[in-house]
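Examination of the molecular architecture
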Amino acid sequence: MEAEGKWIVDATYVSEFHRALFELLIAGKKVPSTDGTLAFERGASVSQHEVFATSLNPSIDQSNSSIFFNGKYFLKLYRKLLRENTTEVEMLR
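So, here is what we can say about the structure in this document. (Residues numbered from 1 in each chain as written. Predicted model: local features only at pLDDT ≥ 70, side-chain atom pairs only at ≥ 80, totals over all residues. Heavy atoms only, no water.)

Within the largest apolar cluster, 11 residues are counted, these being Leu21, Phe22, Leu25, Ile26, Phe40, Val46, Phe52, Ile67, Phe69, Tyr73 and Leu75. A per-element tally of this core places helix α1 (residues 15–27) first, with 4 residues. (Core = buried A, V, L, I, M, F, W, Y, C linked by side-chain atoms within 4.5 Å. Buried < 20%, exposed > 50% of the residue type's maximum accessible area, 1.4 Å probe, protein only. Helix = DSSP H or I, 4+ residues; strand = E, 2+ residues; numbered from the N terminus.)

This is the structure we're talking about:
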């Protein structure tokens, strides 16, 4: 979709976006926004020294977006963000 000479892109399919997400997660960064802070939390089984090597979007029909990193890590991006924690996020944590 074009808007005023610029393209709107679903970045979940862009490898540079994958790399940026991975690096933010590994570093445990907190990014301020107008509505609060977006906090990146690395799972306990992921080393803080892990380096981005590969990423892949699975070719399955799903209601959210997901990315596989380095052939062993899975990131699920929820399309509807809520201020309160969701049951699924808490169970995975």
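Anyway, onward from the coordinates.
Attention shifts here to the packing of aromatic side chains. One pass over the structure, following the stated rule, counts 4 aromatic pairs. Taken together, a centroid distance of 5.2 Å and an interplanar angle of 45° make the contact between phenylalanine 22 and phenylalanine 69 tilted. One end of the pair, phenylalanine 22, is in helix α1; the other, phenylalanine 69, is in strand β6 (residues 65–69), with 47 residues separating them in the sequence. Grouping residues by exposure puts phenylalanine 22 and phenylalanine 69 together as buried. Aromatic pair phenylalanine 68 and phenylalanine 74: ring centres 5.1 Å apart, planes at 50°, arrangement tilted. A relative accessible area of 31% means that phenylalanine 68 is categorised as partly exposed. For phenylalanine 74, a relative accessible area of 47% puts it in the partly exposed group. Pairwise contacts between aromatic rings join Phe22, Phe52 and Phe69 into one cluster. (Phe/Tyr/Trp six-rings, centres within 6.5 Å; stacked < 30°, edge-to-face > 60°.)

With that settled, the discussion passes to the pattern of salt bridges. Using the criterion set out here, one finds 2 salt bridges in the structure. The partner of glutamate 23 in a salt bridge is arginine 19, and the shortest N-O contact between them spans 3.9 Å. With glutamate 23 and arginine 19 both in helix α1, this residue pair falls 4 residues apart, about one helical turn. Of the residues examined, glutamate 23 reaches a relative accessible area of 45% and is grouped as partly exposed. Of the residues examined, arginine 19 reaches a relative accessible area of 39% and is grouped as partly exposed. (Salt bridge = Lys/Arg side-chain N within 4 Å of Asp/Glu carboxyl O.)

Attention now moves to the pairing of strand β4 (residues 36–39). Within a regular beta strand, the side chains point alternately toward one face of the sheet and then the other, so they alternate between its two faces. In this sheet, β4 lies alongside strand β3 (residues 30–33) in antiparallel orientation, the contact comprising 4 bridges. Pairing of serine 33 across the sheet is with glycine 36, part of β4. Hairpin connection, β3 to β4: the antiparallel pair is bridged by 2 residues. (Pairing = 2+ DSSP bridges.)

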